[in-house]
Amino acid sequence: MRHLTRLTALAASLAFTISALPANAGAVLDRVLAAKTLKVATDANWAPQSFMNDKNELDGFDVDVAKDIGKRLGVDVEFVTPGWDIITAGNWSGRWDMHVGSMTPTKARAEIFDFPGVYYYTPAAVAVHRDSKATTLSDLNDKAVGTTATSTFEAYAKQDLTLDAAGAPAFKYEFKPKDVKSYSNSTTAFDDLRLGDGTRLHAVVSSLPSIMDAEKAGYPIKQLGDPVFYEPLAVATEHGDAEFDAKISEAVKAMQSDGTLSKLSVKWYGVDYTVVK
């Protein structure tokens, strides 16, 4: 009898534990609709994609895209801003429901995430200090280059980039750095580059919009050469809820069809990046 009682208690304990776990296995949509809130992870320091504006509010292209997706789902959007390395590591455990932060679908990431909607394509480029004597990308051979950690920019600089998503144009490696230094985001890499050519870095690989935004903000940097690759950028969710993915995919397709994505791209970039140039 005592043994049965212990088994019953164990079963009850397991049931409680399971019920207390975040609803990630097929129930994300139910959770979002019940709470009437979509929790979205993004970056707080990556203008013009996402950044804190003068009102101390998140703003930018990715932020507007996320808000529009929430609107089409009929829910409010709540933003959280974990580090990029934390986001890409997976195991979100219900802390947020999806990521809208310009993530490139890759084979490795597809082991953890679903990508229910590619919403634009951005050129990746190389920035150098304004005083740099480099005239071609090959001049960066054996130099120190900065990138965002665990990003496609880092993979490109390390010559280890694979773009598996449909619509991604072919690319080639234009230079081979001697040292690739990884940062939490592009802005901190630009901060080191602005100190002078070769002081800490000779170049930074980042998105062209971010490079242009940094220039507008007064950073003494400039683009070197043509874009090195074009990356398809997608909404990311963790595996487990096909119905949730279907709703996100439907929202993104509707934004493409009615011109919302194109308008937002022109608003923030001055260019329609929703199609590959």
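Preceding this paragraph is the structure being described.
The notes below deal with the structure included here. (Residues numbered from 1 in each chain as written. Predicted model: local features only at pLDDT ≥ 70, side-chain atom pairs only at ≥ 80, totals over all residues. Heavy atoms only, no water.)

1. Notes on the overall build of the protein chain
Formally: The secondary structure listing takes helices from DSSP runs of H or I that are at least 4 residues long and strands from runs of E that are at least 2 residues long, numbered from the N terminus. To sort residues, take the accessible area from a 1.4 Å probe on protein chains only and compare it with the maximum for the residue type: under 20% means buried, over 50% means exposed, and anything in between is partly exposed. Note on areas: Shrake-Rupley with a 1.4 Å probe; residue coverage comes only from the protein chains shown.
Check the secondary structure of the protein chain and you find nine helices and eleven strands. Counting over 277 residues, the protein chain shows a buried share of 48%. With the model as given, the accessible surface of the protein chain reaches about 13,300 Å², and the carbon-plus-sulfur share is 52%.

2. What about the sheet that holds strand β5 (residues 76–80)?
This is how it is decided: At least two bridges found by DSSP between two strands are what make those strands a pair. Every axis in this analysis is a line fitted to C-alpha atoms, fitted for helices over the stretch in contact. Angles between the N-to-C directions lie between 0 and 180 degrees. The contact criterion used is simple: two residues touch if any of their non-hydrogen atoms lie within 4.5 Å.
Reading across the sheet, the eight strands line up as β5-β1-β6-β11-β7-β10-β8-β9 and stay open at both edges, with mixed pairing between neighbours. Of all the strands in the sheet, the pair left with one neighbour each is β5 and β9 (179–183). The average undirected angle you get between the axes of adjacent strands in this sheet is 25°. In this sheet, β9 lies alongside strand β8 (residues 144–148) in parallel orientation, the contact comprising five bridges. Bridging across to β9, T148 finds its partner in Y183. Sheet strands touched by helix α8 (residues 242–257): β1 (37–41), β6 (98–103), β7 (113–129) and β11 (221–238). Its angle to β7, the strand with the most contacts, is close to 60°.

3. Here we look at the packing of helix α3 (residues 61–73) against α8
Stated formally: Comment on the angle field: the value is read as roughly parallel under 35 degrees, roughly antiparallel over 145, roughly perpendicular from 65 to 115, and oblique elsewhere. Two helices cross in a left-handed way if the nearer one is turned anticlockwise from the farther one by less than a right angle. They cross in a right-handed way if the turn is clockwise. By the convention adopted, Pro, Cys, Tyr, Trp, Phe, Met, Ile, Leu, Val and Ala count as nonpolar, Lys, Arg, Asp and Glu as charged, and the other residues, Gly among them, as polar.
Axis separation between α3 and α8 bottoms out at 10 Å; the angle between their running directions is 115°. Here α3 lies roughly perpendicular to α8, going by the angle between them. Crossing angle aside, the handedness with which α3 passes α8 is right-handed. Two secondary-structure elements touch here, α3 through V65, D68, I69, R72 and L73 and α8 through K247, I248, A251, V252, A254 and M255. Residues of the contact of α3 with α8, tallied by class, amount to eight nonpolar, no polar and three charged.

4. Some details on the environment of K263
Structurally, K263 is set in helix α9 (residues 260–269). Under the relative-accessibility criterion, K263 is labelled exposed at 62%.

5. Overview of the sheet that holds strand β2 (residues 45–46)
Pairing is antiparallel across the open sheet formed by three strands, whose spatial order is β2-β3-β4. In the strand order of this sheet, the two ends are held by β2 and β4 (58–59), each with one partner.

6. Let's talk about the nonpolar core
Filter applied, for reference: By nonpolar core is meant a set of buried Ala, Val, Leu, Ile, Met, Phe, Trp, Tyr and Cys residues that side-chain atoms within 4.5 Å join together.
One finds V65, I69, M98 and Y119 to be the most contacted residues of the largest nonpolar core, which totals 41 residues. Residues contacting M98, with those up to four places away along its chain left out, are L38, K39, V40, A41, I69, W92, V235, A236, T237, F244 and I248. Counting residues in each nonpolar core, the second largest holds 19 residues, with A124, L137, A203 and F229 among its members.

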